[in-house]
Structures are given as C-alpha cells and as structure tokens.
Amino acid sequence: MSSEDAGIQSLKKHLRDSVSLLSSMKLYEGAKLSAEALTSMSQEDSDMISTDHIPKYKLQVSKSEQDVFALAKTYFDCKEFDRCAHVLKNCKSQDVLFIRLYAMFLSGEKKKEEESEGVLGLHDHSSVNTSVSLILKELESILEQESNGLKSPFLNWLHGVV
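Computed from a predicted model, the values in this text were never measured in an experiment. (Residues numbered from 1 in each chain as written. Predicted model: local features only at pLDDT ≥ 70, side-chain atom pairs only at ≥ 80, totals over all residues. Heavy atoms only, no water.)

Enquirer: Help me out: how do you make sense of the packing of helix H6 (residues 94–116) against helix H8 (residues 153–161) in this one?
Expert: For any two helices packed against each other, the geometry is given by the interaxial angle and the distance between the axes. At a minimum axis separation of 9 Å, H6 and H8 run at an interaxial angle of 30°. On the basis of their axis angle, the class for H6 and H8 is roughly parallel. Regarding H6 and H8, the two cross each other, and that crossing is left-handed. Seen from H6, the contacting residues are Gln94, Asp95, Leu97, Phe98, Leu101, Tyr102 and Phe105; seen from H8, they are Phe154, Leu155, Trp157, Leu158 and Val161. Residues that form the contact of H6 with H8 fall into these classes: 10 nonpolar, 1 polar and 1 charged. (Axes fitted to C-alpha atoms, helices over the stretch in contact; angles between N-to-C directions. Helix = DSSP H or I, 4+ residues; strand = E, 2+ residues; numbered from the N terminus. Parallel < 35°, antiparallel > 145°, perpendicular 65-115°, else oblique. Left-handed = near helix turned anticlockwise from the far one by under 90°. Contact = heavy atoms within 4.5 Å. Nonpolar A, V, L, I, M, F, W, Y, C, P; charged D, E, K, R; others polar.)

Enquirer: Help me out: how do you make sense of the confidence of the model for the protein in this one?
Expert: Low-pLDDT stretches of the model should not have their predicted coordinates read in fine detail. Averaged over every residue, the pLDDT of the protein is 80; the share at 70 or more is 79%. At the low end of the mean pLDDT range in the protein sits helix H3 (residues 43–47), at 50; at the high end sits helix H5 (residues 81–87), at 96. (pLDDT = per-residue confidence, 0-100.)

This is how it looks when you write it as structure tokens:
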C-alpha cells in the first residue's frame, strides 16, 4: 500500500470514528456531515488532506456511571429530554454532563416551540429557552473549577451554542 493509500485509509478511519462518536453523543447533524464526507470523498480530495494532526478522542464515562448513561441515552433517543437530564443529575464525567446539559437545552427548545404554537399574537417573540441560564451557570461553574478550561470538546461546543 502506498503512502497515499495509507493516508486515505487513515482519513476514512477518522471519519468513521467521528460518525460513531458523534452519534453516541447525540450530535446527529455532525455525524451526518462526517458520513457524507466519508461517502463523497474522491481519491483526489483525500490526497490533499493530512490526518497526522487529528487527535483520537475517547468518550470519558466512569464505570460507576455506565449503566445510568445507557439509560439516559435511551431516554434521549425517545426524546424524553427531562427524564434524561434527571437520571444524570449526580454524574460527574464531563461527557456525561454534556448529555445532561444538552438534554436540558433541547427540552427548553421543545418547550419554547410549544409555547409559540397557535394563533399569532403580541407575545410571539417572547418565548425563550429558560434552560439556557441554568446551563450557562453550570458551565461557568465548571470553568471556574478547571484551571485549563473544559476538557470535553462537547462541553466547549455547548458553551459556544448557549
């Protein structure tokens, strides 16, 4: 196998890994983009991309949190965001914390949409996601405790979104 072929295979492996990781973290749009890039990548495109700088990310879930995390993921998949957040309330791992805060965010977005349904009126633009302030407060608290910032790239992403 030539070095070009090895580079292509390495890139494809990183994309496959990202599809799996992003899907497990419920970032379906990101997983879709990675999968689309993987399937649409031509030989010419992949020859120009180096994967040497891409770090391998492994999901950080403590053994004591694995069963609760599995339950929460099923609630999340069923769009029961409040239940998902509730079962994860005592978990400390940053990647598990991401799922809890992201579930809170999506629950708030869902409630905001439900409030704005119906007849147009004076209060149509007043619906806000009430979870955002709680999420920001928790993220800021973690940032104060961590000297080198958020360790989870997913928490960094969520911090940027809210």
